[in-house]
Amino acid sequence: MADIIQLLPEYLANQIAAGEVVQRPASAVKELLENAVDAGATQVQLIIKEAGKQLVQVVDNGSGMSPTDARMSLERHATSKIRTTDDLFRIRTLGFRGEALASIAAVAQVEVRTKQRGHDTGTLLLVEGSQITSQQPVACPDGTSISVKNLFFNVPARRNFLKSNAVEMRHILDEFQHVALANPQISFSLFQNDLEVFNLPAGKLSQRIVALLGNGYKEQLAQVEEVTPFLSVKGFIGKPESAKKSRGDQFFFVNNRFIRSAYLNHAVLTAYEGLLPKDTHPFYVLFLDLDPKSIDINVHPTKTEIKFEDEKTVYAIVRAAAKQSLGLHNMAPSLDFDGNVNFAPIQPLRLSGQEKNPFDDSYQPDALASAARAAAKSPGRPASADAYERQLPPRPTEQAKRELEEFYKSLSQLSVPDVEHEATAVGVPVPTITPLAPDEDLPADEQAPLPGGLDLRAGFTAMPTAPDWAPATDQPTPPAPVVLPSVAAAPATSPELPLRESSTGPGNKVLQLHQQYLLVPVKSGMMLIDQVAARERILYEQYAQSLEREVSASQTLLFPRTITFTPQDFAILREVEESLKALGFRFTDFGKNTIAVEGIPADVPARDEKELLEGLIEQFRNSAGPMKLDRREQMARALARRVAASAGGARLSEREMTTIVDKLFACTVPNYTPDGRRTIVMLEMGQIQELFRK
């Protein structure tokens, strides 16, 4: 049998490697920006056309390359970063494998212009599909300029799998943001389709954060700094009240390399425990610096996942650093263990020489009252140095007490006339009111009725004998005090007063359980409905119909609300703008990454529009699943879930419960939410009876 194993051709091996390293235009952006940083550049310019599908160009003023180095940089496993095995455990640079440029050149048309400082001319290289088509000297500025054109031109299947321009541009912005945050000492600029998106001068980390993410972060930055022999943690975290519904503002850098770590993210969230609103995510930019020997960065082709030698220690230090920062900036409750709160000294009042100290052993209760009366009678504050620092409030007089009692007695009578009126209007008999004979033993002045016909001796509230508008007689006679009969004397079959809303409709069969579920009796047993899931199904079908008609009702806000997004979120907003407007949102551009919201869908409660849009963007970002959905379908699902969840846990009236049940069964698929969760659970009579037979 002939030998069948053979080496792959170089171009084919490069294309296979490119499948791991170059997944989309953002992958090329990441590799080229990291190479510019490793070259010692102080100015880096990124130029993008058609979301990187047509052009990705990175221009830097770094060290540049010689003609030989320029050619070698396009070979696989050719690098200037490592020489021996020991160098793998001392890596401080961002790149070290030597695969990036070779992989990019295998699936794109690449142009390299580079010149070293002190040389008169540079080198121009043209590469197409791993084949160098031209190399010649050229006049160019110091540094390197690499242009990646027509990515995946020779792999049509890979190019067809690229997303829309808005999605690809969002991934490019993510990579640009990571490198720019990690290197605030370098000036960065970004141009998209000949328009300047970012121009970031070199400066401090806090300035870079504000320049990248927006001025809204200026007031919420809290510095973090914790230095230990094993690990140092520096950076900034955000205030708890500034936490957002959307993820994406969480950044970890280990030895200046951006990483993703759910483990360390949990450490930061634990530090915020008890401070964050539900389903919100705090902002943080944290730099971890430790010995390269204690980490392994050669885990993932993109090097965004690393392994720590001692994960538990790193977790504890990160958590402690974040918690300490929250305490130092008064963002978390703290205790003063130096002070003895149980034995705080009592500061006595400073009195004049004529008055007794009320805290002396010889204090008498009347002395305090006399001091209060004296303070009340004094026309002004004494001018002497021994005068009161604060005066005691005077005690209320007897007349004031009587007026206060009469005021509260009159308040207790306000609801009684309404009850009688309602009862008489619907034909319910009102119990007879029996006059109470005056007590002969009481003096005449004490037998006089109180205002409003209230008898304190009986303890019941009575109706006034005549309305306020009755004509006055020549000799008005005070009405006799009356009381309602006791509860024991009332007939057992007396009907209850009806509610204000009619309870004769079908809604009286629906009950609400713990403000989460609806119990509906049916002929075969009982139906249990999740009110949030039912609302989601109802709203989804409404929004889906609106999107089909491309006409939906919108409620106009009294004052337009301006909302500023991060560049990544704004890119998503641009992507779903058409769908949002079809659902009823009305907004216009209002500056860089800012919109002015003028209207929202008619059935959405007008609350926090910023929170609503952030939640929609977050759900749209995380809606990728095994089933590819239309963009409008995703938007309808996301909005239905957001609005339904915002009304969760609400107490519903009978009419509202009935409406939910009726609308749910009018849906095309009432049994399930759009993502497949159940809305209805049926309990047959046999199942209910079986529960009691066990």
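Everything quoted here is computed from the prediction, not taken from an experiment.

Here we look at the overall build of the protein
Stage number 1. Secondary structure assignment for the protein yields 20 helices and 26 strands.
Stage number 2. Of all 694 residues assigned to the protein, the portion counted as buried reaches 40%.
Stage number 3. The long-range fraction of contacts in the protein, counting pairs at least 24 apart against all pairs at least 6 apart in sequence, stands at 68%.
Stage number 4. Accessible surface for the protein amounts to roughly 40500 Å². Of this, 54% is attributable to carbon and sulfur atoms.

Some details on the packing of helix α6 (residues 165-182) against helix α15 (residues 567-575)
Stage number 1. Look at α6 against α15: their axes get within 9 Å of each other, and the N-to-C directions meet at 180°. Taken together, the axes of α6 and α15 are roughly antiparallel relative to one another. Contact residues: α6 offers Ala166, Val167, Arg170, Leu173, Asp174 and Gln177, while α15 offers Pro567, Gln568, Ala571, Ile572 and Glu575.
Stage number 2. Taken together, the residues that form the contact of α6 with α15 break down as six nonpolar, two polar and three charged.

Some details on unusual backbone geometry
Stage number 1. A positive phi angle, close to 70°, is found at serine 130, a residue other than glycine.
Stage number 2. On the secondary structure map, serine 130 appears in the loop between β4 (122-128) and β5 (131-138).
Stage number 3. By relative accessible area, which is 23% here, serine 130 ends up partly exposed.
Stage number 4. Even without being a glycine, asparagine 255 presents a positive backbone phi close to 50°.
Stage number 5. Turning to its location among the elements, asparagine 255 is positioned in the loop between β11 (250-254) and β12 (257-259).

A short note on the pattern of salt bridges
Stage number 1. Enumeration over the complete set of coordinates arrives at 14 salt bridges.
Stage number 2. For the salt bridge of glutamate 536 with arginine 677, the shortest nitrogen-to-oxygen distance reads 2.5 Å. Residue glutamate 536 is found in helix α14 (residues 531-549), and its partner arginine 677 is found in the loop between α19 (654-665) and β26 (680-684); the two are separated by 141 residues along the sequence.
Stage number 3. For arginine 641, the salt bridge identified is with aspartate 675, shortest N-O distance 1.9 Å. Residue arginine 641 is found in helix α18 (residues 631-646), and its partner aspartate 675 is found in the loop between α19 and β26; the two are separated by 34 residues along the sequence.
Stage number 4. If you follow the salt bridges from partner to partner, you end up with Glu536, Arg641, Asp675 and Arg677 in one network.

Considering the packing of helix α2 (residues 25-38) against α6
Stage number 1. Across the interface, α2 lies against α6 with an axial gap of 8 Å and an inter-helix angle of 20°. Taken together, α2 and α6 sit at an angle that is classed as roughly parallel. For the crossing formed where α2 meets α6, the hand is right-handed. Contacts between α2 and α6 involve Pro25, Ala26, Val29, Lys30, Leu33 and Val37 on the former and, on the latter, Glu168, His171, Ile172, Glu175, Phe176 and Val179.
Stage number 2. Split into classes, the residues belonging to the contact of α2 with α6 amount to eight nonpolar, one polar and three charged.

A closer look at the sheet that holds strand β25 (residues 594-601)
Stage number 1. Within the open sheet, the three strands sit side by side as β23-β25-β24. Their pairing is antiparallel. Each edge of the open sheet carries a strand with a single partner, namely β23 (554-564) and β24 (586-589). Averaged over neighbouring strand pairs, the angle between their axes works out to 20° when direction is ignored.

Details of a negative patch on the surface
Stage number 1. Side chains of Asp291, Glu309, Asp310 and Glu311 sit close together on the surface and give a patch of like negative charge.
Stage number 2. Summarising the element assignment, aspartate 310 is placed in the loop between β15 (307-308) and α9 (311-328).
Stage number 3. Accessibility expressed as a relative area gives 33% for aspartate 310, which makes it partly exposed.

Some points on the pairing of strand β10 (residues 232-238)
Consecutive side chains of a regular strand alternate in pointing toward one face of the sheet and then the other.
Stage number 1. For β10, a buried count of six out of seven residues is recorded, marking the element as mostly surrounded by other parts of the structure.
Stage number 2. Examined bridge by bridge, strand β9 (residues 221-227) and β10 share seven bridges and lie antiparallel to one another. The residue bridging leucine 221 from the neighbouring strand is glycine 238, located in β10.
Stage number 3. Between β9 and β10, which pair antiparallel one after the other, the connecting turn spans four residues.
Stage number 4. Bridging between β10 and strand β13 (residues 284-289) involves six bridges; their strand directions are antiparallel. Bridge pairing in β13 links glycine 235 to leucine 286.

Here we look at the sheet that holds strand β2 (residues 55-60)
Stage number 1. Taken in spatial order, the eight strands line up as β5-β4-β3-β6-β2-β1-β7-β8 in an open sheet, and their pairing is mixed. Because the sheet does not close on itself, it has two edges, and the strands there are β5 and β8 (195-200). For this sheet, the mean angle separating the axes of adjacent strands, direction not counted, is 10°.
Stage number 2. For strand β3 (residues 109-115) and β4, the ladder comprises six bridges, and the chain directions are antiparallel.

Focus: the packing of aromatic side chains
Stage number 1. Counted under the stated rule, the structure contains eight aromatic pairs.
Stage number 2. With a centroid separation of 4.9 Å and an interplanar angle of 50°, the aromatic rings of phenylalanine 252 and tyrosine 284 are classed as tilted. Of the two residues, phenylalanine 252 sits in strand β11 while tyrosine 284 sits in strand β13, which places them 32 residues apart along the sequence. Here phenylalanine 252 matches tyrosine 284 in class, with each residue buried.
Stage number 3. Among the aromatic residues, ring-to-ring pairing joins Phe251, Phe253, Phe258 and Phe287 into one connected group.
Stage number 4. Sitting over the ring of phenylalanine 587, lysine 581 keeps its end group 5.3 Å from the ring centre.

Quick notes on the nonpolar core
Stage number 1. Among the nonpolar cores identified, the biggest contains 62 residues, and Leu46, Phe176, Phe188 and Ile209 are the most heavily contacted of them.
Stage number 2. Setting aside chain neighbours within four positions, we find phenylalanine 188 in contact with Val37, Val44, Phe176, Val179, Ala180, Asn183, Phe198, Asn199, Leu200 and Arg208.
Stage number 3. Counting residues in hydrophobic clusters, the runner-up holds 32 residues, among them Ile563, Phe565, Ala582 and Val604.

Thresholds, definitions, all that
Residues numbered from 1 in each chain as written. Predicted model: local features only at pLDDT ≥ 70, side-chain atom pairs only at ≥ 80, totals over all residues. Heavy atoms only, no water. Helix = DSSP H or I, 4+ residues; strand = E, 2+ residues; numbered from the N terminus. Buried < 20%, exposed > 50% of the residue type's maximum accessible area, 1.4 Å probe, protein only. Contact = heavy atoms within 4.5 Å. Areas by Shrake-Rupley, 256 points an atom, 1.4 Å probe, with all protein chains shown as cover. Axes fitted to C-alpha atoms, helices over the stretch in contact; angles between N-to-C directions. Parallel < 35°, antiparallel > 145°, perpendicular 65-115°, else oblique. Nonpolar A, V, L, I, M, F, W, Y, C, P; charged D, E, K, R; others polar. Salt bridge = Lys/Arg side-chain N within 4 Å of Asp/Glu carboxyl O. Left-handed = near helix turned anticlockwise from the far one by under 90°. Pairing = 2+ DSSP bridges. Patch = residues over 30% accessible without salt bridge, like charges linked within 9 Å, V, L, I, M, F, W, Y side chains within 5 Å. Lys, Arg positive; Asp, Glu negative; His and termini not counted. Charge placed at Lys NZ, Arg CZ, Asp CG, Glu CD. Phe/Tyr/Trp six-rings, centres within 6.5 Å; stacked < 30°, edge-to-face > 60°. Lys NZ or Arg CZ within 6 Å of the ring centre and 35° of its normal. Core = buried A, V, L, I, M, F, W, Y, C linked by side-chain atoms within 4.5 Å.

Everything listed is a geometric property; what it means functionally is a separate question.
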